[in-house]
2 protein chains.
Amino acid sequence: MSTLFAETALLPAGWHRNVVLHYDEAGTLVAVRPDADPADHPRAGGAVLPGVPNLHSHAFQWGLAGRAERGQPDGDSFWSWRSEMYRFLAELDPDAVEAIATALYLEMLEAGYTTVVEFHYLHHAPDGRPYDDRAEMALRLGRAAERTGIRLTLVPVVYEAGGFGQPLAPEQGRFRLTLYEALGLLERLEAAGFAHPLGLGLHSLRAVRSETVRDLVEDRTLLARPRTLHMHVAEQRQEVEECVARLGARPIEWLLEAADVDARWCLVHCTHADAAEVTGLARSGAVVALCPTTEANLGDGIFPFAEYERAGGRWGIGSDSHISVDPVEELRWLEYEQRLVTGHRNVLTAGTSRSTGRALVDGALAGGWSAAADNVGRLEPGGRADLIVLDADHPRRRGRMDDALLDAWIFSGGDSAPAHVMVGGRWVVRERRHVERETLAAAVDPVLARLPR
Amino acid sequence: MSTLFAETALLPAGWHRNVVLHYDEAGTLVAVRPDADPADHPRAGGAVLPGVPNLHSHAFQWGLAGRAERGQPDGDSFWSWRSEMYRFLAELDPDAVEAIATALYLEMLEAGYTTVVEFHYLHHAPDGRPYDDRAEMALRLGRAAERTGIRLTLVPVVYEAGGFGQPLAPEQGRFRLTLYEALGLLERLEAAGFAHPLGLGLHSLRAVRSETVRDLVEDRTLLARPRTLHMHVAEQRQEVEECVARLGARPIEWLLEAADVDARWCLVHCTHADAAEVTGLARSGAVVALCPTTEANLGDGIFPFAEYERAGGRWGIGSDSHISVDPVEELRWLEYEQRLVTGHRNVLTAGTSRSTGRALVDGALAGGWSAAADNVGRLEPGGRADLIVLDADHPRRRGRMDDALLDAWIFSGGDSAPAHVMVGGRWVVRERRHVERETLAAAVDPVLARLPR
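Residues numbered from 1 in each chain as written. Chains lettered and ligands numbered in written order. Predicted model: local features only at pLDDT ≥ 70, side-chain atom pairs only at ≥ 80, totals over all residues. Heavy atoms only, no water.

Participant: In this structure, what is going on with the interface of chain B and chain A? I would like to understand it.
Facilitator: Every contact between the two is made by 55 residues of chain B and, on the other side, 55 residues of chain A. Of the roughly 4600 Å² buried between chain B and chain A on both sides combined, carbon and sulfur atoms contribute 44%. Contact with chain A buries area across many residues of chain B, yet B:W333, B:L340 and B:R345 alone supply 17% of it, more than any other trio. Viewed at the interface, chain A and chain B are joined by twelve salt bridges. Remark: the boundary between chain B and chain A carries 30 residue pairs in polar contact (both at pLDDT 80 or more). (Contact = heavy atoms within 4.5 Å. Buried area = accessible area lost by both parts, 1.4 Å probe. Salt bridge = Lys/Arg side-chain N within 4 Å of Asp/Glu carboxyl O. Polar contact = N/O pair within 3.5 Å; in protein donor to acceptor, adjacent residues only side chain to side chain.)

Okay, here's the thing in structure tokens:
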């Protein structure tokens, strides 16, 4: 049994002072005692919050970050970026993907993300043929999580079309996976003793046929298998227009109608949502994964977040393409975009800490980390000891506690890395450095040095 | 004579390899030699760029950062934030302002800003009466610059109205300064041997009467005195509407017509500029000071930057209210806001390094650092040895040079602090820490601890 004393901690009911956390060898909290005597418990050294869940990651894209920021003569967009991304991944092998994911997950932990949902669609070899072990790439992502200590939910992704009613393009051969192949992959991973929870992804209505969505939804046995269901929805205007033309409805509208969308679903982006879709999304109980830095980098547009908050919708954040790996930048600019659009400040109706707190809890839900399976995102008995420690050493934070400290963290300054990070009762970051940063860097650097440029 | 060897450096004509910089005791570059032998010159340890000029600062607002991020029941805006700001500054004394400015300027240097233009309007005591030395507050800002080593241009600001045709409100008494009092202040500072260049500010068309603008413009002798002229323009929609009602023209439109706006002017924000104003601004040669993080935090709106770039307008960045002190966040989100609005990527027509390079050079111009006075912003003989060193130690930057390194710096990751920073030939930041961080912190912390909360 271990203990940790925090002067202040964000518990499910809000901030509490003088909290002693007791956790067992397996990293599960067995008692959480506010207003306790510090006695000689080890001190956290700052405010304790649940670790931040990262709801949406394509690990390999970290290797492309900062490499597609040069203007094209005839204008650049999401679609030209996608071509760059295809070119980049054309030669990536499993060693490269594992090295990238290791460097990335280390960076995530140092930034305060303790859980990551990997939306995994780079399944096959460069020529489009499956690896001898069809789970090769998935296993490598699991290995990167194990090396760094991040909590992973792996979501293998169905990908079967090159666009609405279009065959796959040759450069999409590495992604090809039918629903039944995806289920086979889940089985193979379970057989291999894969140590991480599994979800199921449908890439998007662009890349998955509507019949497949209906097949999945109608087969309740099949639908029950993955812990969580993830899908990109309504990221681009062109996608919305094509969906209306093909399926007679907007993507979110179609999905809410065709699939029995509930709290097990995580819908990624939902950028182009009209008022009815916002209401429908909020009512469904699904979690919307918002990825403000990626959505801005790709020029996707701005999700109607203020309306969604008012409707009581669930949401969390994701670093997606990893051009930024910093929960503060996501939360800050999620709010700032609303201010720019509305001309009002402090758009989050619930206030910083309650909104942030909900992003943590709802985000954990989207990782399949519900109380029934593994309780992540809530510091309470039975929950996982996954937490971050925000110190008040920076002059911008000194003397601030609770909500005032959270406000300073999110809306002030750039030095946002937590001081310490714990996953499952184990310190993985101390003094802003991953405890194995040097060892891991030495292992992956030679592979990273060979990445395509 | 000292030297510095850089593997790569951003010189006025672009990137050059193997550059030896020679600079004298006064911190002036006497020779800049590309394609040189590294010999045993000290190594920069990364790519060398001119230091970043910060075109717009209200130092005291640093103390408020993160303290006005709680929603008001009836909606919050720029105007309610301004009330919070007035409340915060009501009791600030010269010691507090000097301590805040010292902490802030230290943070700026560590972030890569080597020059700051202080738009100074907190002139008088809390009761609105001038201090015994009317230059008290200005001298304290100068002292903070001297303690930290940042290059300062001080811009005392004329402030005479509480809004279009409105008298000053009681809480604006500390700001009250007529044009002739401002000129008196410049004289007093010169007499006191103030070591920093001086500009002149007009707060805004809200706070300065149109007659005063005309008086200044018509008196060429008077106009010739300050090195640079700064003014807030068109930050808020309400301001534009009131200006049209009162003066019969939009603020930028009115100013371009009434004042002989040229390259000596720096117009701050210009958020609400229509197509004709964008063209007029670009033609005038004035520098627009863009402050994306503050403009987002305050919900001001989005400057039509893509159009302004296409028109060849001059611009630089400012950290303004200091809710963020990070040139990368300003440059990144300046571009991202355009992507969100247009749906296109890579909106900067000139590409990252040329745009960034122009922000550095134009920005220096706005600080009054023209070649005729002090040559800042260009690494060339006769220029100041003000520079930052970007290392490539982070895995996201490794192996990247020149534009690719700049792209990674601006558009990838959060670890944006330069490794080392030099001002006037003196290293002020080494290994990401101000060389006197501890001493300065010990001196200012007790004062900062007494700030209003």
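Picking up where we left off.
Participant: In this structure, what is going on with the relation of the copies chain B and chain A? I would like to understand it.
Facilitator: Two chain copies, one operation linking them: a rotation about an axis together with a shift along it. Note on the copies: chain B fits chain A at an RMSD of 0.0 Å, the axial shift is 0.0 Å, and the rotation between them is 180 degrees. Classification of the inter-copy transformation places it as that of a two-fold axis. An overlap of 100% is found between the interface residues of chain B and their copies at the interface of chain A, pointing to a shared contact surface. (Least-squares fit on C-alpha atoms with pLDDT ≥ 70 in both.)

Participant: Is there a simple way to explain unusual backbone geometry in this structure?
Facilitator: Trans is the common state for peptide bonds, and a negative phi is the common state for residues other than glycine. All names here are of chain A. In this model, H269 sits at a positive phi of 80 degrees, which is unusual for a non-glycine residue. Positionally, H269 belongs in strand β10 (residues 265–269). Classification of H269 by relative accessible area gives buried; the value is 1%. Even without being glycine, R432 reaches a positive phi, approximately 70 degrees. Along the chain, R432 falls in the loop between β15 (426–430) and β16 (433–434). (Helix = DSSP H or I, 4+ residues; strand = E, 2+ residues; numbered from the N terminus. Buried < 20%, exposed > 50% of the residue type's maximum accessible area, 1.4 Å probe, protein only.)

Participant: Please clarify how the pairing of β15(A) should be interpreted in this entry.
Facilitator: Regular strands show a simple pattern: their side chains alternate between the two faces of the sheet. Residue and element names in this part refer to chain A. Summarising the sheet, strand β14 (residues 420–423) and β15 pair through three bridges and their orientation is antiparallel. Of the residues in β15, the one forming a bridge with V423 is R426. Where β14 hands over to β15, the hairpin turn is made up of two residues, of which G424 adopts a positive phi near 55 degrees. Note: β15 against β16, two bridges, orientation antiparallel. (Pairing = 2+ DSSP bridges.)

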